[in-house]
Amino acid sequence: MQRKKLDEGVFIRDASGKYATARPATEAELIAQAAAILETRQRGKALSSPADSREFLRLRLAPLEHEVFAALFLDTRHRVIEFEIMFTGTIDGASVHPREVVKAALRHNAAAVIFSHNHPSGVVDPSRSDESLTRRLKDALGLIDVRVLDHIIVGTEGTMSFAERGLL
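Rules used in this analysis
- Residues numbered from 1 in each chain as written.
- Predicted model: local features only at pLDDT ≥ 70, side-chain atom pairs only at ≥ 80, totals over all residues.
- Heavy atoms only, no water.
- Phe/Tyr/Trp six-rings, centres within 6.5 Å; stacked < 30°, edge-to-face > 60°.
- Helix = DSSP H or I, 4+ residues; strand = E, 2+ residues; numbered from the N terminus.
- Buried < 20%, exposed > 50% of the residue type's maximum accessible area, 1.4 Å probe, protein only.
- Pairing = 2+ DSSP bridges.
- Axes fitted to C-alpha atoms, helices over the stretch in contact; angles between N-to-C directions.
- Polar contact = N/O pair within 3.5 Å; in protein donor to acceptor, adjacent residues only side chain to side chain.
- Contact = heavy atoms within 4.5 Å.
- pLDDT = per-residue confidence, 0-100.
- Core = buried A, V, L, I, M, F, W, Y, C linked by side-chain atoms within 4.5 Å.

Further remarks concern the packing of aromatic side chains. Summed over all chains, the structure comprises 3 aromatic pairs. Seen in terms of ring centroids, F56 and F83 are 5.5 Å apart; in terms of plane orientation they differ by 85°. Their pairing is edge-to-face. Separated by 27 residues along the polypeptide, F56 in helix α2 (residues 50-61) and F83 in strand β5 (residues 80-88) bring together distant segments of the chain. For F56, a relative accessible area of 2% puts it in the buried group. Measuring from ring centre to ring centre gives 5.3 Å for F69 and F115, while their planes differ by 35°; the resulting arrangement is tilted. Taken together, the positions of F69 in strand β4 (residues 68-74) and F115 in strand β6 (residues 112-118) put the pair 46 residues apart, joining distant regions of the chain.

Right, let's get into the sheet that holds β5. Taken together, the 5 strands give an open sheet; going across it, the order is β5-β4-β6-β7-β8, and neighbouring strands pair in mixed fashion. For this open sheet the edge positions go to β5 and β8 (158-161), each flanked by a neighbour on one side alone. The average undirected angle you get between the axes of adjacent strands in this sheet is 20°. As defined by bridge partners, β6 adjoins strand β7 (residues 147-155) across 7 bridges and the pair is classed as parallel.

Structurally, S116 can be placed in strand β6. A polar contact is formed between the side chain of S116 and the backbone oxygen of I152, at a distance of 2.8 Å. Contact partners of S116, with chain neighbours within four places excluded, come to L57, L61, V68, F69, A70, H151, I152 and V154.

We now examine the confidence of the model for the chain. Taken residue by residue, the chain gives an average pLDDT of 84. The fraction at 70 or more is 82%. Segment residues 1-8 is flagged for pLDDT under 50; beyond a separation of four residues in sequence, or across chains, it makes 25 contacts in the model.

Attention now goes to the nonpolar core. Most often, soluble globular proteins have nonpolar side chains that are buried together. Counting residues in each nonpolar core, the largest one holds 18 residues, and the members touching the most others are F69, F73, V101, V113, F115 and L141. Those elements that place two or more of their residues in this core are β4, β5, α3 (98-107), β6 and α4 (128-142). Ranked by residues supplied to this core, first place goes to α3 with 4 residues. Discounting residues that sit within four places of it in the chain, V113 has contacts with A71, L72, F73, L141, V146, R147, V148, L149 and D150. Grouped together as the second largest cluster of nonpolar side chains are 15 residues, F56, A62, V80 and L149 included.

Here is the structure:
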């Protein structure tokens, strides 16, 4: 057996690839571990559809009780380079700084990005500030030739894609 440290806690993985907890785990910890495993599997894979992106982001962000803003940094073939929670806020908002987003895109050498944030209220309708922020980020990243493919809002009621709604 090998020990594998994930986001929260130590899990033991046997030779057949099955995991067991080294200590009792809460439901939230199990979900976090599953999301971490999914993220590891997704790294280097292409996100071939908005549904792939939505499912990946829903698992990571829906259970959170505070708002976060995250980015999926992608290469030229839309393979995942990195998933990064960039800003953490309160129950109803997070401050996002375009300068920091541009710096992260350059640090990861990204060709494209998919933004996401959660709405702890569960409602996935975009606010005017969500739409304005997305335009500002798209303009800023356009200056360094990084394409914004989507901005996905995640809630307990589902997800909403800016690209699918024609908001990009």
